[in-house]
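Coordinates in review
The residues making up each chain are set out below.
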Amino acid sequence: SSNQMWGGRFASGPDAIMEEINASIGFDKKLYGQDIRGSIAHATMLAHQGIISAEDKDKIVHGLNTILSEIESGQFEFSRRLEDIHMNIEARLATLIGPAAGRLHTARSRNDQVALDFRLWVKEELQRTEKALTGLIAAFLDRAEEHAETVMPGFTHLQTAQPVTFGHHCMAYVEMIGRDRSRVRHAIEHMDESPIGAAALAGTGFPIDRHMTASALGFAGPTRNSIDTVSDRDFALEFLSIAAIAATHLSRLAEEIVIWSTPQFGFIRLSDAFSTGSSIMPQKKNPDAAELVRAKTGRINGSLIALLTVMKGLPLAYSKDMQEDKEQVFDAAESLELAVAAMTGMVRDMTIRADRMKAAAGSGYSTATDLADWLVREAGLPFRDAHHVTGRAVALAEQKTCDLADLTLEDLQSIHPQITAKVFDVLTVEASVASRTSFGGTAPNEVRKQIAWWRARN
Ligand code: ARG
């Protein structure tokens, strides 16, 4: 048999393969809540404008609410023959309320309907993301405060560079995740326009009020161009690009957690709650959650590229290609939610091994820059000369297999006669960290100022 929604001109039903490739109900059933809310707003507006009767509107709204509870209690039977969530709901409405159901689709198309449903879903997902990111920032702020004075090696090229504090390192992630959150907020503003009423692509001749539906659905206003409205999936692309950038940040944290928890680094101990054992090696405690977060990034990036590629070169306005938008967004959203939750848990639960961090911070000649700076300040050397002198001190320490601070005054004076015993004050990791008082620097007081700045905004 042919389709009851659009089958008027069709003599026979679809091939089985056609039905299979065409159906989206398997994944777009997720949009049932948005679809029903959208339909209630649309029907209410139609009645307000005198396009349908108040009685029909009441029947429609009542029927839609019945369907909502049927779906939520698991009683609703989804049918692939009815393609998608929109037609599944409308068909059920017809069974429940009879001919009045057929009036709901006046001045509407599935093209503006799906644009509305999906936009509402993405907007809500962005609101959930904003909350989740706020929780991760809060976790980092707590750890940063706790470890504002905990010295660790800072790295460039993954080689020991200069001592920093663990609190400062945590605050680097706060900045990254704070940018993600502000991208989320901007995206919510960007997409805050209602598609419903664009109809198939050209608008409609019925005297609808798009401002009314827009405000009923919590949008700032209606979209301005009906052709763009049904072709636009920027909101989905923006969500995916924000997710990809956020996941990229999380992957860097995941990688650091993996490295830090190795016996070789030993900077942190993972909580039992976020690690797993090995079925053969009894000693193992593996950072699986961090590894999976690192891997989810690949999956989210894949979704972004997939949808960009679907949209690339599509002529205006709606094409069925766009049905492929939803699985990518749903999958990326689920992955990102999991990744943020896992990271929030790991950040809160991990044990910081301050002794190991401090020992590592002091090795690898991490205070060489402090020696060079001292020569500039106290002996008046140009920085380039001070750099050279310090390089020779490092070479001597390397030759004697000791740290810079372990060289004797004689050793140092053999390299440059103006060096005095006072130099040892700047060669400790604590002194090095305390001296970095420039705005945004690693000195504990500076880091505490940044924590306070973020606390006021979290
Ligand atoms: N299931 C479709 C989608 O997700 C709904 C819109 C269908 N519109 C149409 N003209 N066939 O894109």
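The structure we're discussing is the one just above.
A brief report on the enclosed structure follows. (Residues numbered from 1 in each chain as written. Predicted model: local features only at pLDDT ≥ 70, side-chain atom pairs only at ≥ 80, totals over all residues. Heavy atoms only, no water.)

This part is about helix 3 (residues 32-48). With 17 residues, helix 3 ought to run about 24 Å at 1.5 Å a step, and its terminal C-alpha atoms sit 24 Å apart, in line with that. The set of residues buried in helix 3 consists of Gln-34, Asp-35, Ile-36, Gly-38, Ser-39, Ala-41, His-42, Ala-43, Met-45, Leu-46 and Ala-47. Looking at the buried residues of helix 3, the elements they touch are helix 4 (54-72), helix 5 (85-97), helix 6 (110-146) and helix 8 (210-216). Gly-50 occupies a position one or two residues after helix 3 and carries a positive phi of about 75 degrees. (Helix = DSSP H or I, 4+ residues; strand = E, 2+ residues; numbered from the N terminus. Expected span 1.5 Å × (residues − 1). Buried < 20%, exposed > 50% of the residue type's maximum accessible area, 1.4 Å probe, protein only. Contact = heavy atoms within 4.5 Å.)

Right, let's talk about the side chain of Asn-88 for a bit. Positionally, Asn-88 belongs in helix 5. Sequence-distant contacts of Asn-88, that is, excluding residues within four places in its chain, are made with Ile-25, Phe-76, Glu-77, Phe-78, Ser-79, Leu-82 and Glu-83.

One pass over the full model with this rule turns up 9 aromatic pairs. Plain terms: the ring middles of Trp-121 and Phe-330 are 4.7 Å apart, the flat faces sit at 70 degrees to each other, and that makes the pair edge-to-face. Highlighted residues: Trp-121 in helix 6 and Phe-330 in helix 12 (residues 325-349), separated in sequence by 209 residues. Residue Trp-121 shares its accessibility class with Phe-330, and that shared class is buried. With a centroid separation of 5.9 Å and 65 degrees between ring planes, the pair formed by Phe-166 and Trp-260 is classed as edge-to-face. (Phe/Tyr/Trp six-rings, centres within 6.5 Å; stacked < 30°, edge-to-face > 60°.)

Quick look at the site of the ligand now. Taken together, the neighbourhood of the ligand is formed by Ser-24, Asp-28, Asp-84, His-86, Arg-110, Asn-111, Val-114, Tyr-318, Lys-320, Gln-323 and Lys-326. Here the ligand has 340 Å² of accessible area as a free molecule, and 87% of this is covered by the chains. Taken together, the residues that form the shell around the ligand break down as 2 nonpolar, 4 polar and 5 charged. (Near = heavy atom within 4 Å. Areas by Shrake-Rupley, 256 points an atom, 1.4 Å probe, with all protein chains shown as cover. Nonpolar A, V, L, I, M, F, W, Y, C, P; charged D, E, K, R; others polar.)

Here the focus is the nonpolar core. Counting residues in hydrophobic clusters, the biggest one holds 93 residues, and the most contacted among them are Val-122, Phe-140, Ile-257, Ile-268 and Met-343. In terms of residue count, the dominant contributor to this core is helix 10 (residues 234-260) (16 residues). The contact partners of Met-343, leaving out residues within four places of it in the chain, are Leu-136, Leu-250, Leu-253, Ala-254, Ile-257 and Val-293. Counting residues in each nonpolar core, the second largest holds 22 residues, with Ala-379, Leu-381, Leu-396 and Ile-415 among its members. (Core = buried A, V, L, I, M, F, W, Y, C linked by side-chain atoms within 4.5 Å.)

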